[in-house]
Amino acid sequence: MMMNFEPMFVLPVLFFLLLLLGYVGVPLLVWSLYFATVLAVLNAPIWVWVGFGVVATILNVPLLRRTVITSQIVKSIKALKLLPTISETERAAIEAGTVWVDGEFFSGSPNFQRINSEPYPQISSELQAFLDGPVEQVCRMATDWEINRLKDLPPEVWDYLKKERFFGMMIPVEYGGLGFSNLAYSTVMSKLASRSFIHTATVGVTNSLGPAKLLIRYGTPAQKDYYLPRLARGEEIPCFALTEPNAGSDAASIVSEGVVFKGTDGKLYLRLNWKKRYITLGAIATLIGLAFRLRDPDNLLGKGEDVGITCALIPADTPGVVQKRRHDPMGVPFYNSPLEGHDVVISIDQIIGGVEQAGQGWKMLMQSLAAGRGISFPATCTGIAKLVTRVTGAYATVRNQFGLAIGRFEGIEEPLARIGGLTYLMEAGRIYTCGAVDKGEQPAVISAIAKYNFTELSRHIINDGMDILGGAGICRGPRNLLANIYTAIPIPITVEGANILTRTMIIFGQGVIRCHPYIYSEIEALNKSDVTEFDRAFWHHMGWMIHNGFRAVLLNLSRGYLAVWTVSGATAKYHRKLAWSSATFAFLADIVLISFGGTLKRREKLTGRFADILSWMYLGSATLRRFEAEGHQPEDLPLVDWAMQYAFAQIQEGFEGIFNNLPMLRVFGVWCRLNPIGILPSDRTGSQIARILQNPGQQRNKLTENIYIPSDPEEALGRLERAFILLSQVEPVLKKIKVAISTGKLPQQKPERLISQALEAGIINEQEAKLVREAQNARNDAVQVDSFTLEESFLVASVHKLTHLVVNQS
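So, here's what we can say about the structure. Only a predicted model underlies this, so the values are computations on that prediction, with no experimental measurement involved. (Residues numbered from 1 in each chain as written. Predicted model: local features only at pLDDT ≥ 70, side-chain atom pairs only at ≥ 80, totals over all residues. Heavy atoms only, no water.)

Our next topic: the pattern of salt bridges. Summed over the entire model, instances satisfying the criterion amount to 29 salt bridges. A salt bridge links Arg 295 to Glu 257, with the shortest nitrogen-to-oxygen separation between them at 2.8 Å. Residue Arg 295 is found in strand β4 (residues 287-295), and its partner Glu 257 is found in strand β2 (residues 257-262); the two are separated by 38 residues along the sequence. For Glu 257, a relative accessible area of 30% puts it in the partly exposed group. The structure contains a network of salt bridges with shared partners spanning Glu 104, Arg 114, Glu 118 and Lys 439. (Salt bridge = Lys/Arg side-chain N within 4 Å of Asp/Glu carboxyl O. Helix = DSSP H or I, 4+ residues; strand = E, 2+ residues; numbered from the N terminus. Buried < 20%, exposed > 50% of the residue type's maximum accessible area, 1.4 Å probe, protein only.)

Below, the structure written as structure tokens:
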């Protein structure tokens, strides 16, 4: 009886131990001891012991393992091309920047203590003064409608931007700039975006990827001393020319060429020829940053004939430079232009960083983009999101239909909830990303996540905003607050890495190589034929994959409750789900890497879904970091709940897409649907957010903090805000009238039509009656749309035609 009982008792213990060891993750030697124990319990025959001993010895003795197993694996991988080959341009892109919290998600075991201790910076008093002073003033100087009618910023705005060093925000103080942090620059851009996209398009290029940024990082002392003060003061208007007709997303394939030659004076020069397009500020730039391929046929630089991609500075008045043409991107009137250069001769000293940096242009650009891509457009898009939040919340209160404010209808509540919830999430991601860059990180993958997702989310937000405004959104004129943004939103989606490419090739394609704990080491070891290094990385990788497999299964079965976390309270459940998501994500990443090898980068539908999962894990983590950094305010919980539930719904969609399109994993897709990691936010949570947007007060102000809100009631947003505030103030008065109607003191009519009767009956006083009438007049004024006489319409059309004619013929 004892012999029969012991296996019945021991086997469950062994099975539990198997799960425990797999979940915790233990070295190969511990696994060997475990399986030896299993064989002992099962009374395995001697031949099984011998076989096990041989295998265990080979696996646990590195020299034997490398000779017997690893060397054969290396040969097979090379023969079957299971790991991707990496070109020099791909290597530069992958090695650009640093791995930040993105590495936590690829690990499968995210360290939330680290994630939640990363900086979440606050606005300084100096920055707030700049926002309330110069930024407020420049926003006040011209409306978006005026800028669009003029097809440019007014001259006085250009002058003010130069005077207040807007073009030198990121240039150090010692060179005459403002020396702003990335957070400060981002916050200024966000407020400018809430006034006009033209502001951000103009100011952004002078501070982000362009001559100033490259000079700060790579320029020679002489280049910095000469150009940076001039750029800071706005004496030089810069642009950066990279894109060509046949080199867009594949920017490394540029054919613009520079040839080194020796002049008659014995000095070295470059002869440049280029044809660029989509260059912001190109038509008016006085200083052109140019990316080109450098050839040195006589090896005058000692770097060979094909030196590589190089960046140089070309004064726009240099003979051979062709400007003065302009693209028309969606009718949005910022300067975006083609640029050409024909036999343009410049000194070799104009190479950014001098001769030492010749051939290093691609690396310079990738390193600059590694951080910069995550700052400018996320700032612009967050400013847009805040503006739409402010506008739609007010409009949903002011606009009445069927006797009710339209915000009371659930059909309007639904897009309002999306707008508010995503705006909270975007602000969290903006500040969290800025904190990393200001700390010294250059998170290339996170920057790609930010650029892609913020631009896409702003597209969703502006679409919802246009739906809520209806006819008031589509009739252009000075009263329209959203139409120009709606028109402009495809621009940030397209530039600095088109979104389709960013999602399908960069976020996961580069992320899995750069952020995975072992893949890059394995690829490098294979390229060097270093079996010892490959052996170390490969077997650690196998152990890590098994560990994540156990974690993924057990966290799935427990719905994340087995995760060890350091956070308690209302958001603990979301940290558990992030741990569950990360383990599943990391395990599936290894599965597809093994399955597809080097061909994975061509499986773009699959890599796009992985990119979505990674993106929403990051955005969810940023949301939780914001909630913690702001002191766990209970009134913010509806926003946090909505944002996190939405994030997990997107993660769920990504996992389902992966499972459904991999036959070997399709059966797991059924379980994934039966045990989802997330579903869309509830209607109740959405209603709470819609109410936040429609009620004046601290929460609404906090959600839309630091955007431009004109105080002038003759301006569109000022007019709408005034009506919104007045209508909120008369709610108690109208409630008195409604009570009187219900008790029979007043007839059954709309309360607004009973003001005189209510006053006569003593239900309200004269001041209250005056307030209601004022509010009703303000409501009526706020919902009006613009119209033009036929002569005005003809004049506008003629101006547009003339503008196009000048652009096409100049």
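Counting residues in hydrophobic clusters, the biggest one holds 211 residues, and the most contacted among them are Phe 166, Val 188 and Ile 314. No other element matches the 14 residues that helix α17 (residues 410-439) contributes to this core. If we skip the residues at most four places from it in the chain, Val 188 touches Leu 127, Phe 130, Leu 131, Val 135, Phe 166, Met 169 and Phe 180. Judged by nonpolar contacts, the second largest core, of 33 residues, contains Ala 291, Cys 311, Met 366 and Ala 370. (Core = buried A, V, L, I, M, F, W, Y, C linked by side-chain atoms within 4.5 Å. Contact = heavy atoms within 4.5 Å.)

Taken as a whole and assessed by the stated rule, the structure comprises 27 aromatic pairs. Relative to Phe 508, the ring of Phe 106 has its centre 6.1 Å away and its plane inclined at 20°; by these criteria the two rings are stacked. Remark: Phe 508 occurs in the loop between α22 (499-507) and α23 (511-514) and Phe 106 occurs in helix α6 (residues 102-107); sequence separation between them is 402 residues. Exposure class is identical for Phe 106 and Phe 508. Each is buried. (Phe/Tyr/Trp six-rings, centres within 6.5 Å; stacked < 30°, edge-to-face > 60°.)

Within the element layout of this structure, Ile 309 appears in strand β5 (residues 306-315). Accessibility expressed as a relative area gives 6% for Ile 309, which makes it buried. As for Ile 309 and Ala 358, which are separated by 49 residues in sequence, their C-alpha atoms are 7.7 Å apart.

Turning our attention to the packing of helix α16 (residues 376-398) against helix α18 (residues 444-469). Put simply, α16 and α18 touch, their axes get as near as 9 Å, and they point 20° apart. The angle between α16 and α18 falls in the class roughly parallel. α18 is crossed by α16, and the crossing has left-handed handedness. Touching Phe 377, Pro 378, Cys 381, Thr 382, Ala 385, Val 388, Val 391, Thr 392 and Tyr 395 of α16 are Ala 450, Lys 451, Phe 454, Thr 455, Ser 458, Ile 461, Ile 462, Gly 465, Ile 468 and Leu 469, all from α18. Residue composition of the contact of α16 with α18, by class: 13 nonpolar, five polar and one charged. (Axes fitted to C-alpha atoms, helices over the stretch in contact; angles between N-to-C directions. Parallel < 35°, antiparallel > 145°, perpendicular 65-115°, else oblique. Left-handed = near helix turned anticlockwise from the far one by under 90°. Nonpolar A, V, L, I, M, F, W, Y, C, P; charged D, E, K, R; others polar.)

Below, the discussion takes up a nonpolar patch on the surface. Judged by side-chain polarity, Ile 46, Trp 47, Trp 49, Val 50 and Val 54 come together as a nonpolar surface patch covering roughly 560 Å² of accessible area. Within the element layout of this structure, Val 50 appears in helix α3 (residues 46-60). (Patch = residues over 30% accessible without salt bridge, like charges linked within 9 Å, V, L, I, M, F, W, Y side chains within 5 Å. Areas by Shrake-Rupley, 256 points an atom, 1.4 Å probe, with all protein chains shown as cover.)

Attention now goes to helix α8 (residues 125-140). What sets the pattern is the α-helix's 3.6 residues per turn: residues three or four places apart point alike. Taking 1.5 Å as the rise per residue, α8 with 16 residues should run 22 Å; its terminal C-alpha atoms sit 21 Å apart, in good agreement. The largest bend in α8 comes to about 30°, at Leu 131, with the proline Pro 134 one to four residues further on. Within α8, burial applies to Leu 127, Phe 130, Leu 131, Pro 134, Val 135, Glu 136, Val 138 and Cys 139. Summarising the contacts, the buried residues of α8 are in contact with α10 (155-163), α11 (182-193) and α12 (197-207). (Expected span 1.5 Å × (residues − 1). Bend = angle between axes of the 7 residues up to and from the residue.)

Okay, unusual backbone geometry next. Leave glycine aside and you will find that most residues have negative phi; peptide bonds, for their part, are mostly trans. A positive phi angle, near 65°, is found at Lys 151, a position not held by glycine. Along the chain, Lys 151 falls in the loop between α9 (144-150) and α10. With phi around 60°, Met 330 is a residue other than glycine that occupies positive phi space. Turning to its location among the elements, Met 330 is positioned in the loop between β6 (321-322) and β7 (336-347).

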